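# Chains, contacts and geometry: an overview
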Amino acid sequence: MRVLVVEDEAPLAAAIDRGLRAEGFEVEVVGDGLEGYWRGRERPYGAIVLDILLPGMNGYVVCRKLRADGVSTPILMLTAKDGEYDEADALDLGADDYLRKPCSYVVLVARLRALQRRGGTVRPAILVAGDLYFDPASRRCRRDNTPISLSAREASLLEYLLVRDGDPVDKYELLDGVWGADQDHDPNVVEVYIGYLRRKIDRPFGRNSIQTVRGVGYRVVDEVSDADPA
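Residues numbered from 1 in each chain as written. Predicted model: local features only at pLDDT ≥ 70, side-chain atom pairs only at ≥ 80, totals over all residues. Heavy atoms only, no water.

## Regarding the overall build of the protein chain
In terms of regular secondary structure, the protein chain is built from eight helices and 11 strands. Counting only residues that meet the buried cut, the protein chain has 48% of its 230 residues in that class. Intrachain contacts of the protein chain at a sequence separation of at least 6 include 54% that bridge at least 24 residues. For the protein chain, the exposed area adds up to about 11000 Å²; of that, 48% sits on carbon and sulfur atoms. (Helix = DSSP H or I, 4+ residues; strand = E, 2+ residues; numbered from the N terminus. Buried < 20%, exposed > 50% of the residue type's maximum accessible area, 1.4 Å probe, protein only. Contact = heavy atoms within 4.5 Å. Areas by Shrake-Rupley, 256 points an atom, 1.4 Å probe, with all protein chains shown as cover.)

And the structure:
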């Protein structure tokens, strides 16, 4: 489960990052509401942990705008504000849960897992490109009626591309979004995993749905007969 943590208190953000990673979560941390809004809108996450008092754009606005944009990712408000009206405002704006700081990591992890089981306000849709289907909730992939077994990293890479609905994605954005901004990886690992995906979802079926856009990046399309698979 990939979690976006939007928290401007650096020591707390680092502690949440360590705690969630120790429980097996993939974590991205940002300290600005505008950056949190952009990532929450453009990238797939299992949940968003969102502070209220943030620079750039406060958490209430981030939550409201994400919901207005049709983003159904479960949102857990994590804040030092203490009051039933603050909690009610957060829930009315589209948050799924609310937790006050300082909080128990045991409780935070339990609530994130509960949100994952519930699937948030709207269960994620099946992502489709032609006869290729991917379910973000179950991580299952199939081409027409044929199941395709993917590793966790391959599934995350495919999901990232499918969410962009045919728009090309830069290699470095994929590296950041799928492997993590704080992880030290050779950018060529993206090309390696693109190759793994092609061998599983395209070549056995005579498809070329993973397209290289030269000088830009990669995209997944319905079907490209003259796609360059380089």
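Let us keep going from here.
## Describing the sheet that holds strand β2 (residues 26-30)
What links the strands of a sheet is backbone hydrogen bonding, and the strands pair in either a parallel or an antiparallel sense. Sheet architecture is open: five strands sit in the order β2-β1-β3-β4-β5, paired in parallel fashion. In the strand order of this sheet, the two ends are held by β2 and β5 (97-100), each with one partner. For this sheet the average axis-to-axis angle between neighbouring strands, irrespective of direction, equals 20°. Pairing of strand β1 (residues 2-6) with β2, which is carried by five bridges, proceeds in the parallel orientation. Looking across to β2, one finds that L4 is bridged to E28. (Pairing = 2+ DSSP bridges. Axes fitted to C-alpha atoms, helices over the stretch in contact; angles between N-to-C directions.)

## A short note on the environment of V163
Take V163: it is sitting in helix α6 (residues 152-163). Given the relative accessible area of 32%, V163 is considered partly exposed. Along the sequence, V163 and P136 sit 27 residues apart, while their C-alpha atoms lie 9.9 Å from each other.

## Description of the pattern of salt bridges
Enumeration according to the criterion identifies 15 salt bridges in this entry. Taking the shortest distance from any N to any O, the salt bridge between R67 and D96 comes out at 2.8 Å. Placement of the pair is R67 in helix α3 (residues 59-68) and D96 in the loop between α4 (84-92) and β5, with a sequence separation of 29 residues. Assessed through its relative accessible area of 18%, R67 is described here as buried. Its salt-bridge partner being D97, residue R111 comes within 3.2 Å of it at the nearest N-O pair. (Salt bridge = Lys/Arg side-chain N within 4 Å of Asp/Glu carboxyl O.)

## Some points on the nonpolar core
Residues L150 and L158 are the most contacted members of the largest nonpolar core, which totals 26 residues. Among the secondary structure elements, those contributing two or more residues to this core are β6 (127-129), β7 (132-135), α6, α7 (171-179), α8 (188-202) and β11 (217-220). Top element by residues in this core is α6. It accounts for six residues. Sequence-distant contacts of L158, that is, excluding residues within four places in its chain, are made with L132, F134, C141, L150, L197, I201 and V220. One finds L4, C63, I75 and Y98 within the second-largest nonpolar core, a separate group that totals 20 residues. (Core = buried A, V, L, I, M, F, W, Y, C linked by side-chain atoms within 4.5 Å.)

## Comments concerning the packing of α6 against α8
At a minimum axis separation of 10 Å, α6 and α8 run at an interaxial angle of 90°. Between α6 and α8, the interaxial angle falls into the category roughly perpendicular. Within the contact between the two elements, α6 uses R153, E154, L157, L158 and L161 and α8 uses Y193, I194, Y196, L197, K200 and I201. Classifying every residue of the contact of α6 with α8 by side-chain character gives eight nonpolar, no polar and three charged. (Parallel < 35°, antiparallel > 145°, perpendicular 65-115°, else oblique. Nonpolar A, V, L, I, M, F, W, Y, C, P; charged D, E, K, R; others polar.)

## Overview of the pairing of strand β4 (residues 75-79)
A large share of β4 lies buried, amounting to five of its five residues. The alternating pattern of β4 places I75, M77 and T79 on one face and L76 and L78 on the opposite face, and all of these are buried. Across three bridges, the pairing between strand β3 (residues 47-50) and β4 is parallel. Residue pairing across strands places V49 opposite L76, the latter belonging to β4. Viewed along the sheet, the connection from β3 through α3 into β4 turns out right-handed. Here four bridges tie β4 to β5, and the two strands are oriented parallel to one another. (Right-handed = clockwise from strand over helix to strand, strands pointing away.)

## Things to note about the sheet that holds β6
In spatial order, the strands read β6-β7-β8-β9; together these four strands make up an open sheet with antiparallel pairing. Among the strands making up the open sheet, the edge pair consists of β6 and β9 (146-148). Each adjacent strand pair in this sheet contributes to an overall mean axis angle of 25°, direction not counted. When β7 meets strand β8 (residues 140-143), the two strands line up antiparallel, connected through four bridges.

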